[in-house]
Amino acid sequence: MPKKNDAGAEAVESERASESQIAVHWREEDYFFPSAKFIGQANVSDPSILERFSESKFPECFKEYADLLSWDEYWHTTLDTSNAPFWKWFVGGRLNASYNCVDRHLATDRNKAAIIFVPEPEDADTEVITYQELYVRVNEFAALLRDFCGLQTGDVATFHMPMVPDLPVAMLACARLGVVHSQVFGGFSGAACGGRIADSKSKILVTIDGYYRNGELQDHKVKADEAIARALEEGVVVDKVLVFRRNPGEYASKSPMVPGRDFFVDEILPDYKRKLVDPVSMPAEAPLFIMYSSGTTGKPKGCQHSTGGYLAYVAGTSKYYQDIHPEDTYWCAADIGWITGHSYIVYGPLALGTTTVMYEGVPTYPDAGRCWRIAERLGVTTFHTAPTTIRTLRKVGPDEPAKYNYHFKHMTTVGEPIEPEVWRWYYDVVGKGEAVIVDTWWQTENGGFLGTGIPALNPMKPGSCGPAALGIFPEILDEDGEVVTAGSGIAGNICIRNPWPGIFQTIWGDPDRFVKTYYEKYNHKKGSTDWRDWPYFANDGAMQAEDGYYRILGRVDDVINVSGHRLGTKELESAALMVDEVAEAAAVPVVDDVRGHAVEMYISVKPGVEPSQEVADKVSRMIETEIGKVARPKNVWIVTDMPKTRSGKIMRRVIASISNFTDVGDITTLANPDVVEDVLHHVQSEKLARGELPRELSPAELQTIKNFGSSE
Ligand code: PRX
């Protein structure tokens, strides 16, 4: 917001506000059309569906999704808006998510593969878990959680698990009991996990001794000790740590097991063999899980998702957009530690009774052909991944897909904007020109897809996430809340005018922040119970082409999207500030050909401290400890001063421009315009010396850099 008492800062602020609506010029891409073969088998190919989900049918249209589930009790109110914007879906309904994903498939598909687990070591056997086997494992683990850990309906359990089948088993076991799970991405540090344990106040941590990544068995249990220590610092005591073992009978960690606190699952599970646990019939609005995500402020937000609305939304979108059929072999190569994995590896596909593939390791291990060997071997029909993976595979193995005899009918891209050239490689080379592609835009907060097309009905357009999903009514608003018209070539903030069943219910323990972050900006009338008064502010910049298709430009808040991982500027900066020598820190994104963006840190040191490589390394290490390896900065620049407004705020936008070799814009209103030249010279000459050469940025990349830091 403008600082009224500071004319200089105000001028800079207003200049920035106008930049959020910059005109974007790019070539309109040509359409690609689905094949007759695809259309012939598609779940949705009749355009009458558009009428069924038209605005006049809202919210009842979502009954179509809810009817994909088995309800213990049918709901009486589809959408309750009485406490807006805390929406309640399918009120009065009762169901159990574990029953819907497991038990109800037994009658017809008991011995069909539910999960196919592919370990990273290529000589290890693939593990096939049938629906019957999943049923047995989920029941036994649920009994253990209930009777050994004392977990009850409504409690929270934190998981810090990698991509192994024990993770979905544990999730479904919680769901069976009505226990809320909170899975922390396995690649995150112990400290990051500890912060999330403390925020959710969970007493139980489920982890594993180790897992394979890039050919090595990682020591993972050590992170549990760090997590528990951090949670304790924040006043939360973890009672029990359940430790799976990656290789039964062996222990992959150097960290000692703490007596009375740490337990090997394989040692206690025999006591629960053959135990059955009745699925607890949960109200539709009961929370199913929490998933933490980064935003503008330092503390990650626990996004709370519901049981009925969420499950209905992921089942419906898996059926209509992923075009999942029960007989498909579906492989989403995301990590279950992210929302994509929750919705589109576990809950959506299993609710539909299909076969979902889980791969433990990195897509390029041991070489760039690995994914295509998995696809060939398992007969994968449907493939789902992120632009980062596509860029990597294109870079390191552009000719690999052609060597393998697999045939996808459908492919998804998610998590970041995809460049049209990369999209075309995905289409031509990975999809062999046979598969449709859906580019799906959505967020941790959303539960499921928001921007996408119906694959048999909407032609594809590279780089664009298509029109909105059914029953989703977006609008692009400028800073004053005026609608930016389609085809104007102007970007703005993408908002969704209406609630939908997959939308998160609140931020765990912080309802005020929920309203403030997502609804306050464009709320028409405080206290209103009419959903039309509460557009959802997604924090993404976007523009709409004349044909109604949306193109997402990236975050307008201070979030850096590295390989589809959302990293908060403030989290990075507070980690850097934990290094004793550091006086000030600023994190900015730098475009990266593979990861989309990488993090660069700018720091200044305290008086009397000599700038040195050692200090820079300490900053990198601290970020890794506090957040995880994904957040490791590409460069740490030590500068004597940072460009600042007259009110003393660091101008991240200017620093981001320096890191990306783009125009720094008007800096005359800064308190210290002279330092810009010094920092620019220091950083850019060093970059050139390291071979980090400037390149032309795409309109989306340019937009991200120009807007960076404008959300404060
Ligand atoms: O900026 C958008 C980008 O990823 C952000 C959401 O990140 P996260 O909550 O981690 O969820 C990722 C997976 C759903 C968004 O605010 N994003 C996501 N999908 C796309 C995208 N940007 C462009 N195109 C997409 N398809």
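The numbers attached to residues start from 1 for each chain and follow its sequence in the written order. Two thresholds apply to this predicted model, a pLDDT of at least 70 for residue-level local features and 80 or more for giving and counting side-chain atom pairs, whereas whole-chain, interface and lining totals are computed over all residues. Only heavy atoms go into the side-chain values, all of them from the structure, while hydrogens and water stay out.

**Student:** I'm lost on the pattern of salt bridges in this one. Help?
**Tutor:** One side-chain nitrogen of Lys or Arg within 4 Å of one carboxyl oxygen of Asp or Glu is enough to make a salt bridge. Applying the stated criterion to the full structure yields 47 salt bridges. Arginine 695 is the salt-bridge partner of glutamate 701, the closest N and O atoms lying 3.0 Å from each other. Burial classes: relative accessible area under 20% of the type maximum marks a residue as buried, over 50% as exposed, and values in between as partly exposed (1.4 Å probe, protein chains only). We classify arginine 695 as partly exposed; its relative accessible area is 35%. Residues participating in the shared-partner salt-bridge network are Glu122, Asp367, Arg370 and Arg373.

**Student:** Please clarify how the nonpolar core should be interpreted in this entry.
**Tutor:** A general trend in soluble globular proteins is that nonpolar side chains are found buried together. Remark: nonpolar core denotes a set of buried residues (Ala, Val, Leu, Ile, Met, Phe, Trp, Tyr, Cys) joined through side-chain atoms within 4.5 Å. Within the largest apolar cluster, 118 residues are counted, with the highest numbers of intra-cluster contacts made by Phe62, Leu134, Phe141 and Tyr347. Membership of the second largest hydrophobic core comes to 63 residues, among which are Ile560, Ala656, Val675 and Val676.

**Student:** Mind showing me how you'd approach the site of the ligand here?
**Tutor:** Proximity is defined per residue: if any heavy atom of the residue lies within 4 Å of a molecule or strand, that residue is considered near it. As a matter of local geometry, the ligand sits amid 18 residues, with Asp439, Thr444, Asp540, Arg555 and Arg566 nearest to it. Any pair of N or O atoms that falls within 3.5 Å is considered a polar contact. Within protein, one atom must be able to donate a hydrogen and the other to accept it, and sequence-neighbouring residues count only if both atoms are side-chain atoms. In this structure, a nitrogen atom belonging to the ligand sits 2.7 Å away from a side-chain N or O atom of aspartate 439. A distance of 3.0 Å separates an oxygen atom of the ligand from a polar side-chain atom of glutamine 443. Per-residue and other accessible areas follow the Shrake-Rupley method at a 1.4 Å probe size, with only the shown protein chains counted as cover for residues. Calculation on the ligand without its partners gives an accessible area of 540 Å², and the protein chains cover 97% of this total. For the shell around the ligand, the elements supplying multiple residues, two or more each, are helix 13 (339-351), strand 20 (436-440) and strand 25 (550-555). The residue inventory of the shell around the ligand, partitioned by class, reads six nonpolar, seven polar and five charged. Per the convention used, a helix needs a DSSP run of H or I reaching at least four residues, while a strand needs a run of E reaching at least two, with both numbered from the N terminus. Residue polarity is assigned by list, with Asp, Glu, Lys and Arg as charged and Ala, Val, Leu, Ile, Met, Phe, Trp, Tyr, Cys and Pro as nonpolar; anything else, Gly included, falls into the polar class.

**Student:** Help me out: how do you make sense of the packing of aromatic side chains in this one?
**Tutor:** Remark: the centre distance and the inter-plane angle together describe each pair of aromatic rings, the angle taken between the planes. Whether two aromatic rings pair depends on their centres lying within 6.5 Å, for rings of Phe, Tyr and Trp, where Trp uses its six-membered ring; planes under 30 degrees apart make the pair stacked, over 60 edge-to-face, and the rest tilted. Overall, the coordinates contain 51 aromatic pairs when judged by the stated rule. An aromatic cluster of at least three residues, connected via ring pairs, comprises Phe53, Phe58, Phe62, Tyr65, Trp71, Tyr74, Trp75, Trp89, Phe90, Tyr313, Tyr320 and Trp531. Here, over-ring charges are defined by two tests on the NZ atom of lysine or the CZ atom of arginine: distance to the ring centre within 6 Å, and angle to the ring normal within 35 degrees. In this structure, lysine 240 packs its charged tip against the face of phenylalanine 148, placed 5.2 Å from the ring centre. The side chain of lysine 432 reaches across the aromatic face of tyrosine 406, ending 3.8 Å from its centre.

**Student:** What is the right way to read the side chain of histidine 220 from this model?
**Tutor:** By the element assignment, histidine 220 lies in the loop between strand 10 (216-219) and helix 10 (221-233). For histidine 220, a relative accessible area of 1% translates into the label buried.

**Student:** How should I be thinking about the state of the cysteines in this particular structure?
**Tutor:** By definition, a disulfide is the covalent link that joins the sulfur atoms of two cysteine residues. Any cysteine sulfur atom paired with another within 2.5 Å is treated as part of a disulfide. All told, the structure shown has zero disulfides when counted by the stated rule. The structure places no disulfide on cysteine 465, whose sulfur is separated from the nearest cysteine sulfur, that of cysteine 495, by 14 Å.

**Student:** Sorry if this is basic, but what is going on with the packing of helix 12 (residues 308-320) against helix 13 here?
**Tutor:** When two helices pack together, their arrangement is given by the angle between the helix axes and by the axis-to-axis distance. All axes are obtained by fitting lines to C-alpha atoms, using only the stretch in contact for helices, and the reported angles, taken between N-to-C directions, cover 0 to 180 degrees. Packing of helix 12 against helix 13 leaves a shortest axis separation of 8 Å and a crossing angle of 85°. Between helix 12 and helix 13, the interaxial angle falls into the category roughly perpendicular. Where helix 12 abuts helix 13, its residues Tyr310, Leu311, Val314, Ala315, Thr317 and Ser318 lie against His342, Ser343, Tyr344, Tyr347, Gly348, Pro349 and Ala351. Looking at side-chain class alone, the contact of helix 12 with helix 13 contains eight nonpolar, five polar and no charged residues. With respect to orientation, any angle under 35 degrees is reported as roughly parallel, any angle over 145 as roughly antiparallel, any angle of 65 to 115 as roughly perpendicular, and every other angle as oblique. By definition in these notes, contact holds between two residues if any of their heavy atoms fall within 4.5 Å.

**Student:** Before we go on, may I ask you to explain the sheet that holds strand 25 in this structure?
**Tutor:** Where strands meet in a sheet, backbone hydrogen bonds hold them as pairs that are either parallel or antiparallel. A sheet is described by the order of its strands in space; here four strands give the open sequence 21-22-24-25, paired in antiparallel fashion. Looking at the sheet topology across the chains shown, the edges are occupied by strand 21 (474-477) and strand 25. Ignoring which end each strand starts from, the neighbouring axes of this sheet average 45° apart. Each pair of strands is called paired provided DSSP finds at least two bridges between the two strands. Note: strand 21 against strand 22 (residues 492-496), four bridges, orientation antiparallel. In the strand pairing of strand 22, proline 474 is matched with isoleucine 496.

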